[in-house]
Amino acid sequence: MSDASIWLIRILFVAFLAAIPFMVDAYWLNMAILALIYSLVVYSITVLTGFTGLLSFGQAGFVGLGAYIYGVMSVKGVPPVAAAAWGIVLPTIVGFLLGLPAARLRGHYMAIGTLGFGVLVAQLLNNMVDVTRGPMGLLGIKSFGLDRVTWFYCVLALALVLLAALEYLDRRTFLGVVLKSVKYDEISASACGVGVFGVKLLAFSASAFLAGTCGVLLAAYMKFLTPDLFLSAESFRYLMMAVVGGVGSATGALVSTLILTGVPEALRAFGETNVRLLVYGLMVLFVLWFLPGGIGGLIDRLMAPRRKPRRTSASAPQAPKADTVPGRVS
Amino acid sequence: MTNPVLQLTGVSKRFGGVQALQGIDLAGKAGEVHGLIGPNGAGKSTLIGCITGVNRIDAGEIRLRGDRIEALPVHRRARMGVARTFQKIRLAQQLTVFENVATGLAARRFAKASGWWGVLAPLSSASISEPVEQALLATGIADLADEKVASLPYGKRHFVELARNLVAEPDVVLLDEPATGLTDDERERLSTLVRQMARRGTLVILVEHDLDLVGRLCDTVTVIEYGRRIFNGTPAEAQENEAVIRAYLGSAKLAKEA
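Calculation rules
Residues numbered from 1 in each chain as written. Chains lettered and ligands numbered in written order. Predicted model: local features only at pLDDT ≥ 70, side-chain atom pairs only at ≥ 80, totals over all residues. Pairing = 2+ DSSP bridges. Helix = DSSP H or I, 4+ residues; strand = E, 2+ residues; numbered from the N terminus. Axes fitted to C-alpha atoms, helices over the stretch in contact; angles between N-to-C directions. Core = buried A, V, L, I, M, F, W, Y, C linked by C-beta atoms within 7 Å. Buried ≥ 20, exposed ≤ 12 C-beta atoms within 10 Å, placed from the backbone. Contact = placed C-beta atoms within 7 Å. Expected span 1.5 Å × (residues − 1). Parallel < 35°, antiparallel > 145°, perpendicular 65-115°, else oblique. Right-handed = clockwise from strand over helix to strand, strands pointing away. Nonpolar A, V, L, I, M, F, W, Y, C, P; charged D, E, K, R; others polar. pLDDT = per-residue confidence, 0-100.

Colleague: Describe the sheet that holds strand β10 (residues 228-233) of chain B, listing the residues and the values that go with them.
Modeller: Residue and element names in this part refer to chain B. Pairing is mixed across the open sheet formed by six strands, whose spatial order is β6-β7-β8-β3-β9-β10. One side of each edge strand has no neighbouring strand; the edge strands of this open sheet are β6 (82-84) and β10. Sheet twist, expressed as the average angle between the axes of neighbouring strands with direction ignored, equals 20°. In this structure, β6 lies alongside strand β7 (residues 172-176), joined through three bridges in parallel fashion. Counted as the bridge partner of V82 is V172 from β7.

Colleague: I'd like a rundown of the nonpolar core, residues and numbers included.
Modeller: In this structure, I37(A), A203(A), C214(A), V101(B), A163(B), V204(B) and L206(B) are the most contacted members of the largest nonpolar core, which totals 172 residues. Top element by residues in this core is helix α11 (residues 196-222) of chain A. It accounts for 16 residues. Those residues in contact with A203(A), other than ones at most four positions away along the chain, are V47(A), L48(A), F51(A), T52(A), L54(A) and L179(A).

Colleague: Let's hear about the sheet that holds strand β5 (residues 67-68) of chain B: which residues, and what values?
Modeller: Residue and element names in this part refer to chain B. Taken in spatial order, the four strands of this open sheet run β2-β1-β4-β5, and their pairing is antiparallel. The open sheet has two edge strands, β2 (18-28) and β5, and neither has a second partner. Across five bridges, the pairing between strand β1 (residues 6-15) and strand β4 (residues 59-64) is antiparallel. Residue pairing for β4: L6 is matched across the bridge by L64.

Colleague: Break down helix α6 (residues 107-127) of chain A for me, citing the residues and quoting the values.
Modeller: The terminal C-alpha atoms of α6(A), which comprises 21 residues, lie 31 Å apart, in line with the 30 Å expected from a rise of 1.5 Å per residue. Looking at the buried residues of α6(A), the elements they touch are α4 (59-75), α5 (80-102), α7 (129-132) and α12 (232-245) of chain A.

Colleague: Outline the packing of helix α3 (residues 26-51) of chain A against α11(A), supporting the account with residue identities and numerical values.
Modeller: Residues and elements named next belong to chain A. The contact between α3 and α11 brings their axes to 8 Å, and the two run at 170°. Classified by the interaxial angle, the pair formed by α3 and α11 is roughly antiparallel. Taking contact as the criterion, the partners of I33, I37, Y38, L40, V41, Y43, S44, V47, L48 and F51 in α3 are, on α11, A203, F204, A206, S207, L210, A211, T213, C214, L217, L218 and Y221.

Colleague: An account of the pairing of β10(B) is requested, with residue identities and associated values reported.
Modeller: All names here are of chain B. Summarising the sheet, strand β9 (residues 220-225) and β10 pair through five bridges and their orientation is antiparallel. Considered in β10, the bridge of V223 is made with F231. Taken together, β9 and the strand that follows it, β10, pair antiparallel across an intervening segment of two residues, in which Y226 is found at a positive phi of about 45°.

Colleague: Residue-level account of the pairing of β7(B), with values.
Modeller: Residue and element names in this part refer to chain B. Of all five residues making up β7, five are buried, and the element is well covered by its neighbours. Burial of the side chains of β7 extends over both faces: V172, L174 and D176 are buried on one face and V173 and L175 on the other. For β7 and strand β8 (residues 203-207), the ladder comprises five bridges, and the chain directions are parallel. Paired with D176 across the bridge in β8 is V207. Crossover handedness for the path β7 to helix α7 (residues 184-199) to β8: right-handed.

Colleague: Tell me about the interface of chain A and chain B, and name the residues and values.
Modeller: Every contact between the two is made by 35 residues of chain A and, on the other side, 53 residues of chain B. Of all the secondary structure elements, the ones that give two or more residues to the side of chain A that touches chain B are α9 (174-184) and α10 (186-191) of chain A. If you tally residues by element for the side of chain A that touches chain B, the top one is α9(A), at seven residues. By residue class, the composition of the side of chain A that touches chain B is 17 nonpolar, 12 polar and six charged.

Colleague: Give me the lowdown on the confidence of the model for chain A, citing residues and values where you can.
Modeller: When pLDDT is averaged along chain A, the result is 86, and 92% of the positions lie at 70 or above. Here residues 310-323 of chain A scores under 50 on pLDDT; set against residues more than four positions off or in separate chains, the count is 22 contacts.

Colleague: Run through the environment of T183(B), naming residues and quoting values.
Modeller: Topologically, T183(B) is positioned in the loop between β7 and α7. Each C-alpha atom of the pair T183(B) and P122(B) lies 36 Å from the other, and the pair is 61 residues apart in sequence.

Colleague: Which residues make up helix α6 (residues 154-167) of chain B, and what values do they have?
Modeller: All names here are of chain B. In this model α6 runs 21 Å from its N-terminal to its C-terminal C-alpha over 14 residues, within 8% of the 20 Å that 1.5 Å per residue would give. A large share of α6 lies buried, amounting to 11 of its 14 residues. Buried residues of α6: R157, H158, F159, V160, E161, L162, A163, R164, N165, L166 and V167, and no others. Contacts from the buried residues of α6 go to β6, α3 (97-103), α5 (126-139), β7 and α7. In the stretch just after α6, E169 is the one whose phi turns positive, near 45°.

Colleague: An account of unusual backbone geometry is requested, with residue identities and associated values reported.
Modeller: Leaving glycine out, the prevailing phi sign among residues is negative, and the prevailing peptide bond configuration is trans. All names here are of chain B. In this structure, E169 takes a positive phi of about 45° despite not being glycine. Its place among the elements puts E169 in the loop between α6 and β7. Its 22 C-beta neighbours within 10 Å are what place E169 among the buried residues. Look at Y226: it is not a glycine, yet its phi comes out positive at around 45°. With respect to the secondary-structure elements, Y226 resides in the loop between β9 and β10. For Y226, a count of 15 C-beta atoms within 10 Å translates into the label partly exposed.

Colleague: Outline the confidence of the model for chain B, supporting the account with residue identities and numerical values.
Modeller: In the predicted model, chain B carries a mean pLDDT of 88, and the fraction of residues at 70 or more is 96%. In the model output, the complex is listed with pTM 0.87 alongside ipTM 0.87.

What follows is the structure, encoded as structure tokens:
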């Protein structure tokens, strides 16, 4: 596909998203806003698992932390902007601290370690009744005083800006290469001078930052929280969205979140029975079956740019030239 | 008399009940090609692991330009100028050749704390693309820059690893059997590269079973057997040495016939 048609598709995609408020009723607009907010936590998995290769089963913990920090502070009269700042900064710090032990773990062990964190947060939210009101739910959360359509455009803008930033980071930057070098081979990455532990800490903190932001937005938008929203099952729902999106593709993550939030709602046409969930589960299975690279992999394949030869390759001699080897002269 | 860039003194390493290395001494100067040979299981790869930091040594010391490095982690040694290739090639299969080689820049960039500035710069910016393209040209794989490593034939992958070492501008390069699986042409190109690196002042440590290559390239060889150094000298001297012949060479020719 040529550059021009790729840009055309991007513009159409954004235009389609921007037109949603004109096409749907309040119920679906609400779903779209929630999906866009949830895209942030799926991005957090893109950074952690997709770029850096670390598996977390505890993302709902960071979302819950961000949401409840914002919620509790705002109920206690802290202005929303300050509460939001705390709701983003504190989970980031917790992510960094959790990273200190977790980044030393590998693969499955790290997944179980983060699962423990998710369970811990869910239990705390449920049992610290004095602070969180536990299962009774947290009511009276103040918000930014935006109407629903404004909310939609704000979270859409945020989701798209983050999408662009992540795609840029992934495909164009040196940092993207460094993160992925850790994912593919820690030993060779460290032999190249990459501080693997530091990179993992960075990924953990960035991921907690995104998940915490997701939580703050969730609390500010819904104005009501219960601990059920942040159980470990939610972590797996986010992971499923990331996997269907093709872990590592931010675009896939956004599309997949929109679809996987919308489809279960649309399937309510089947009635409130288990048939709905059965159909949903089968759909996910089929996506993974036929698109092993997820939605992101499909997009990449369709939009693969026509191969342009690199500037130097035309004149590249096959044999090494003398004096082309860079090196310190001592 | 120049000081050695890399100096190992009494390096020992034990894995459980196996004494893998026992009191190894080794010294290499800038611009030298130093062969490390010995029978399979002698401890050559273990020694490379000790120098790069994958293996922690039990006794002895390792100095790089006079500074002790034996307690430092792998990435810190890489930043100080130790680069290596792997016996079993280790590259990011799903990344392009360009991206793999760019990874090698981490050693130089992160050697300074200010290296974190500019990590968000695009790969096409001159500070990244110029050294990478230069290294790709030097290794003769510039035409493969945008290919994924997974799609390359085995021999080419050696050169990707070599290019990744080149961009790091290391003081010491450890090549662990770099000629395995290379065609004759590729072997020639490898020889040229090794000589160029040495001429630029890099100490090249070459672990290789291709004795013809070792004989042609190396200024010095160290022979180890059962974790002990049994010889250190020129290839011609090694050829005459009883212990080396018995342990490893047999009837093979190491030095060029006079």
